[in-house]
Amino acid sequence: MSRITLSRYLIEQTRSQETPADLRFLIEVVARACKAISHAVSKGALGGVLGNAGSDNVQGEAQKKLDVISNDILLEANEWGGHLAAMASEEMEKAYQIPGEFPKGKYLLLFDPLDGSSNIDVNVSVGTIFSVLRCPEGIDAPCEKAFLQPGVEQVAAGYAIYGPQTMLMLTLGHGVKGFTLDREVGSFVMTHDDIRVPEQTKEFAINASNQRHWEAPVKRYVDEMLAGETGPLGKNYNMRWIASMVADVHRILTRGGIFMYPRDAREPEKPGKLRLMYEANPMSFIIEQAGGAATNGLERIMDLQPTSLHERVAVFLGSKEEVERATRYHREQQ
Ligand code: P6P
């Protein structure tokens, strides 16, 4: 059987009128940028790209050299094509306007160029997360407000994971497809046609060192899983925490599980650590398209109305049965 490359998949989606040609072009450009990021990441110490850049991002976190390199790769790849109205990134405080010499398009692209970058220096999988929105009509220079759309408005979302394999997981709103990079040819080849998250699981992901800071529903839920088959859930659970959202979510997309980053008492004024617009929303879109669920403990993440570009959110996502249980415990606490 002939291989289905990302390009062939996108052309066939366009032919069936499900994917406009300029959205197809956008995805191909982002995929090409992810190949370049994969190449930069894989050099490691040999490429002089490890360590800190000597600057902080908008969250006040030290930027890694590869954070900045990855961000620049995505900006440079996307700014000239005429498919975007503007871009936004975890690494930039304000929206990035398309330079005047280039035509503008109708989409907004948001990304975390290198999620989990604290893991790079220890050679753990990292990734690029991206989300695509339509730019509201009649806006020539989209400022932050144009981006503030709920996750249900996304027309596409995906991530690249730079691990033992480089893979691109993509949804255009018609399920989730997985593509593996064939480095010999330089093409992403479809290796996972219709990915489904198992409704049930025995695996959870949370940073357990924060337990003393969690709210009561999270403590109850995790305690019940730790109680195993002798406890109220009647089964033994396993735990994984890679501290790279792309890697943890990829495992869950592949074999089920629940990923949790709850709000906690360390920063009570913040609803959580992860960012809504370019981490939680795209990952929620993918997980829901694969039959899973994603809430902030109380509400569906993709229904949340954003109020700022870099706002944070609590995240419970993955196997539907467990996300519903965690959410039920929060609602009972209300
Ligand atoms: P912690 C990486 O910095 C990140 O944003 C996500 O990729 C990851 O899930 C989370 O933070 C890890 O946070 O507090 O466990 O280091």
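These numbers come from a predicted model, not from an experiment.

Concerning the overall build of the protein chain
When helices and strands are tallied, the protein chain shows eight helices and 17 strands. A globule of 334 residues ought to have a C-alpha radius of gyration of about 20 Å, and the protein chain, at 19 Å, matches this closely. Seen along its three principal axes, the alpha-carbon backbone of the protein chain occupies a region of about 65 × 50 × 45 Å. Classification of the 334 residues of the protein chain by burial places 57% in the buried group. When contacts within the protein chain are restricted to residue pairs at least 6 apart in sequence, long-range pairs at least 24 apart make up 65% of them. Roughly 14,200 Å² of accessible area belongs to the protein chain as shown, and the carbon and sulfur atoms make up 49% of that amount. Within the protein chain, one finds 36 positive and 44 negative side-chain charges whose respective centroids are separated by 3 Å.

Looking at helix α5 (residues 216-226)
Within α5, the full set of buried residues consists of Pro217, Val218, Tyr221, Val222, Glu224 and Met225. Within α5, the buried residues cover an arc of 155° as seen down the axis, which keeps them to one side. At its buried positions, α5 is contacted by β11 (203-205), β13 (258-261), β17 (315-318) and α8 (320-333). At the C-terminal side of α5, Gly228 shows a positive phi close to 65°.

A closer look at the site of the ligand
Every one of the 13 residues lining the ligand counts as a neighbour, but Asp115, Asn207, Met245, Tyr261 and Lys273 are closest to it. Taking Met245, its main chain carries an N or O atom lying 2.7 Å from an oxygen atom of the ligand. Coverage of the ligand by the protein chains reaches 83% of its 400 Å² of free accessible surface. Looking at the shell around the ligand, the elements with two or more residues in it are β13 and β14 (274-275).

A look at the UniProt feature "binding site: substrate" (unreviewed entry) in the protein chain
Using the residue numbers shown here, the UniProt feature "binding site: substrate" (unreviewed entry) corresponds to Asp115, Gly116, Ser117, Ser118, Asn207 and Lys273. As for its placement among the helices and strands, Asp115 is situated in strand β5 (residues 107-115). Residue class for Asp115 comes out buried when judged on its relative accessible area of 6%. Filtering out sequence-adjacent residues up to four positions away, Asp115 remains in contact with Val126, Gly127, Ile129, Ser244, Met245, Val246 and Glu279. Its place among the elements puts Ser117 in the loop between β5 and β6 (126-134). Each residue touching Ser117, except ones within four places of it in the same chain, is listed here: Lys64, Asp67 and Val126.

Thoughts on the environment of Ser89
Counting through the fold element by element, Ser89 comes out in strand β3 (residues 84-89). The class of Ser89 is buried, set by a relative accessible area of 0%. Residues Ser89 and Ala36, spaced 53 residues apart in sequence, show a C-alpha to C-alpha distance of 17 Å. Leaving out residues up to four positions away in the same chain, Ser89 has contacts with Asn71, Phe111, Pro113, Tyr278 and His310. One polar contact links Ser89 to Asn71, side chain to side chain, over a distance of 2.6 Å.

Some thoughts on the environment of Thr19
Along the polypeptide, Thr19 turns up in the loop between α1 (6-15) and α2 (21-43). Remark: the alpha-carbon pair of Thr19 and Glu79, spanning 60 residues in sequence, is separated by 21 Å. Among residues more than four places away in sequence, those in contact with Thr19 are Gln13, Thr14, Arg24 and Leu172.

Overview of the UniProt feature "domain: Fructose-1-6-bisphosphatase class 1 C-terminal" (unreviewed entry) in the protein chain
Per the UniProt record, the feature "domain: Fructose-1-6-bisphosphatase class 1 C-terminal" (unreviewed entry) sits at residues 197-330. Helix makes up 35% of residues 197-330 and strand 15%. Its end C-alpha atoms lie 23 Å apart.

Considerations on the sheet that holds strand β4 (residues 96-97)
The sheet built from eight strands is open, its strands ordered β4-β3-β5-β6-β7-β8-β9-β10 with mixed pairing. Because the sheet does not close on itself, it has two edges, and the strands there are β4 and β10 (187-192). Note: β5 against β6, seven bridges, orientation antiparallel. Each residue of the ladder has a partner; that of Asp115, found in β6, is Gly127. In the packing of helix α6 (residues 245-255) onto the sheet, contacts are made with β5, β6, β7 (156-162), β8 (166-171) and β9 (176-182), and the angle to β7 comes to roughly 105°. Sitting on the sheet, helix α7 (residues 276-289) is in contact with β3, β5, β6, β7, β8 and β9, with an inclination near 85° to β6.

Parameters at a glance
- Residues numbered from 1 in each chain as written.
- Predicted model: local features only at pLDDT ≥ 70, side-chain atom pairs only at ≥ 80, totals over all residues.
- Heavy atoms only, no water.
- Helix = DSSP H or I, 4+ residues; strand = E, 2+ residues; numbered from the N terminus.
- Rg over C-alpha atoms; globule rule 2.2 N^0.38 Å.
- Buried < 20%, exposed > 50% of the residue type's maximum accessible area, 1.4 Å probe, protein only.
- Contact = heavy atoms within 4.5 Å.
- Areas by Shrake-Rupley, 256 points an atom, 1.4 Å probe, with all protein chains shown as cover.
- Lys, Arg positive; Asp, Glu negative; His and termini not counted.
- Charge placed at Lys NZ, Arg CZ, Asp CG, Glu CD.
- Arc of directions from axis to C-beta.
- Near = heavy atom within 4 Å.
- Polar contact = N/O pair within 3.5 Å; in protein donor to acceptor, adjacent residues only side chain to side chain.
- UniProt positions renumbered as here; feature names shortened; annotations may be inferred.
- Pairing = 2+ DSSP bridges.
- Axes fitted to C-alpha atoms, helices over the stretch in contact; angles between N-to-C directions.

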